[in-house]
Amino acid sequence: ERVLFPPTFSVSEIKNKQRRHFMFLRWKQQQRKVGRAAPPKAIPKTIENQRVYDETTVDPNDEEVAFDEATDEFAPYFNRQTVPKILITTSDRPRGRTVRFCEQLATVIPNSHVYYRRGLALKRIIPQCIARDFTDLIVINEDRKIPNGLVLSHLPDGPTAHFRMSSVRLRKEIKRKGKEPTEHVPEVILNNFTTRLGHSIGRMFAALFPHDPQFIGRQVATFHNQRDYIFFRFHRYIFKSEKKVGIQELGPRFTLKLRSLQKGTFDSKFGEYEWIHKRREMDTSRRKFHL
């Protein structure tokens, strides 16, 4: 069928089409010349792979690191001399969302118990925890009815880490969530804790869970560090075949940002700090990370 009025193109459109066609022909000609010897595809640059090297990056074969791990506060746990027993508490007068978060967190961490502060100071709570053989104390702080902070203190000799908490999602707020978690001891995955500071934080998280996971439960707790933000997820997995695995998120989920690491148990006035996040001094480069 003839067209009486064929479509017209502007001069710029015709030149652009000719330029693209010429570039395509030139690329094809180069491919024929090079053949299989063509250079590999370039890896795109990201903030992670352009990270500034940290002098405190842990070498698994370093004797000094091995000696520190054998003599630090978490050595009795990794030597299977102690069994984790966790106390989870809140700030004074917690709201419903914080209370539900603590209850769900207690179903993730085995052998954990939730108690309410009732106006007691942490300095009075810690000796009572030590007397009752608790190995760790977790305090969930809130602001405007939303959980916004987490204090993790390893007992009886510390250390104590203070985190800023964000992006808290309870189980009912997670789409396509799985059924309630079982009482099996979950597996623990620690990703990307590469520096000495990150190594210490990773060992603190590992010491919250019993050393021998029950694989029959198919539950896994993941602490993933990316750009100094620690993302927590709790999943159940199932092997569909030899190559395919299906996962279901059980919840809750949250994100942590380390604010300080203190020697010993919690002491806000006279405590000795190993590391404090100073935003104006430490966040000058986007490619500099500390964990």
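Residues numbered from 1 in each chain as written. Predicted model: local features only at pLDDT ≥ 70, side-chain atom pairs only at ≥ 80, totals over all residues. Heavy atoms only, no water.

- The name an unreviewed UniProt entry assigns to the protein is Ribosome production factor 1, from the organism Phainopepla nitens.
- Regarding the protein, the UniProt comment filed under Subcellular location (unreviewed entry) reads as follows: "Nucleus, Nucleolus".
- The UniProt entry for the protein carries the following text under Function (unreviewed entry): "May be required for ribosome biogenesis." (UniProt positions renumbered as here; feature names shortened; annotations may be inferred.)

**Examining the overall build of the protein**
Thinking step 1. Helices and strands together make up the secondary structure of the protein, namely seven helices and eleven strands.
Thinking step 2. Its C-alpha atoms give the protein principal-axis dimensions of about 95 × 50 × 45 Å.
Thinking step 3. A total of 291 residues make up the protein; the buried ones form 37% of that total.
Thinking step 4. Counted over contacts in the protein with a minimum sequence separation of 6, partners at least 24 positions apart contribute 66%.
Thinking step 5. Surface exposure of the protein reaches about 19,600 Å², of which carbon and sulfur atoms provide 52%.
Thinking step 6. In the protein, 54 positive and 33 negative side-chain charges are present, and the distance between their average locations comes to 13 Å. (Helix = DSSP H or I, 4+ residues; strand = E, 2+ residues; numbered from the N terminus. Buried < 20%, exposed > 50% of the residue type's maximum accessible area, 1.4 Å probe, protein only. Contact = heavy atoms within 4.5 Å. Areas by Shrake-Rupley, 256 points an atom, 1.4 Å probe, with all protein chains shown as cover. Lys, Arg positive; Asp, Glu negative; His and termini not counted. Charge placed at Lys NZ, Arg CZ, Asp CG, Glu CD.)

**Some words on the layout of surface pockets**
Thinking step 1. Computed from the structure, the largest pocket encloses a volume of approximately 480 Å³.
Thinking step 2. Lining the largest pocket are 20 residues; nearest its centre among them are Arg 227, Tyr 229, Lys 257, His 277 and Asp 283.
Thinking step 3. Sort the elements by how many residues they give to the lining of the largest pocket and strand E10 (residues 253-262) lands first, with three residues. (1 Å grid on protein atoms, 1.4 Å probe; cavity = no way out; pocket = protein on both sides within 12 Å on 5 of 7 lines; lining within 4 Å. Points joined across faces, edges and corners; volume = space filled by probe spheres on them.)

**A word on the domain arrangement of the protein**
Thinking step 1. Partitioning the protein into domains gives domain 1 (1-38) and domain 2 (61-283).
Thinking step 2. Using only C-alpha atoms to locate each centre, domain 1 and domain 2 end up separated by 58 Å. (Domains from an automatic or database assignment.)

**Observations regarding empty space enclosed by the protein**
Thinking step 1. The full count for this structure, using the stated rule, is one cavity of 30 Å³ or more.
Thinking step 2. Reported here for the largest cavity is a volume of approximately 100 Å³.
Thinking step 3. Looking at the lining of the largest cavity, the elements with two or more residues in it are strand E4 (146-154) and E10.

**Quick word on the packing of aromatic side chains**
The description of an aromatic ring pair rests on the distance of the ring centres and on the angle between the ring planes.
Thinking step 1. Scanning the entire structure with this criterion turns up eight aromatic pairs.
Thinking step 2. With a centroid separation of 5.0 Å and an interplanar angle of 50 degrees, the aromatic rings of Phe 223 and Phe 232 are classed as tilted. Phe 232 matches Phe 223 in its accessibility class, with the two residues each being buried.
Thinking step 3. An aromatic cluster is present here, built from Phe 101, Phe 163, Phe 205, Phe 209, Phe 223, Phe 232 and Phe 254 joined pairwise through their rings. (Phe/Tyr/Trp six-rings, centres within 6.5 Å; stacked < 30°, edge-to-face > 60°.)

**Observations regarding unusual backbone geometry**
Thinking step 1. Residue Leu 155 is joined to Pro 156 through a cis peptide bond whose omega torsion reads 5 degrees.
Thinking step 2. Looking at the secondary structure, you find Pro 156 in the loop between E4 and strand E5 (160-169).
Thinking step 3. Look at the link from Gly 251 to Pro 252: it is a cis peptide, with omega at 0 degrees.
Thinking step 4. Within the fold, Pro 252 resides in the loop between strand E9 (245-249) and E10.
Thinking step 5. A positive phi angle, close to 55 degrees, is found at Asn 111, a residue other than glycine.
Thinking step 6. Among the secondary structure elements, Asn 111 is positioned in the loop between helix H4 (96-108) and strand E2 (112-114).

**As for the packing of helix H2 (residues 63-71) against helix H6 (residues 196-206)**
Thinking step 1. The N-to-C vectors of H2 and H6 enclose an angle of 30 degrees; their axes lie 13 Å apart at closest approach. Our classification of the angle between H2 and H6 gives roughly parallel. Classified by chirality, the crossing of H6 by H2 is right-handed. Here Glu 64, Val 65, Asp 68 and Glu 69 of H2 come into contact with H6, specifically with Arg 196, His 199 and Arg 203.
Thinking step 2. Class assignment for the residues of the contact of H2 with H6 results in one nonpolar, one polar and five charged. (Axes fitted to C-alpha atoms, helices over the stretch in contact; angles between N-to-C directions. Parallel < 35°, antiparallel > 145°, perpendicular 65-115°, else oblique. Left-handed = near helix turned anticlockwise from the far one by under 90°. Nonpolar A, V, L, I, M, F, W, Y, C, P; charged D, E, K, R; others polar.)

**Quick notes on the nonpolar core**
Thinking step 1. Core analysis: the biggest nonpolar cluster contains 40 residues, and Ile 138, Phe 163, Ile 201, Phe 205 and Ile 230 have the highest contact counts within it.
Thinking step 2. Sorting elements by how many residues they give to this core places H4 first, with five residues.
Thinking step 3. Apart from the residues lying within four places of it in its own chain, the contact partners of Ile 230 are Phe 163, Phe 193, Ile 201, Phe 205, Phe 223, His 224, Asn 225, Phe 254, Thr 255, Leu 256 and Leu 291.
Thinking step 4. Within the second largest apolar cluster, ten residues are counted, among which are Cys 129, Leu 137, Val 151 and Leu 155. (Core = buried A, V, L, I, M, F, W, Y, C linked by side-chain atoms within 4.5 Å.)

**Focus: the pairing of E10**
Thinking step 1. Counted residue by residue, E10 has eight buried out of ten residues, so it is predominantly covered.
Thinking step 2. Here E5 runs beside E10; their pairing, made up of eight bridges, is antiparallel. Considered in E10, the bridge of Arg 164 is made with Lys 257.
Thinking step 3. Relative to E10, strand E8 (residues 229-239) runs antiparallel, the two sharing four bridges. (Pairing = 2+ DSSP bridges.)

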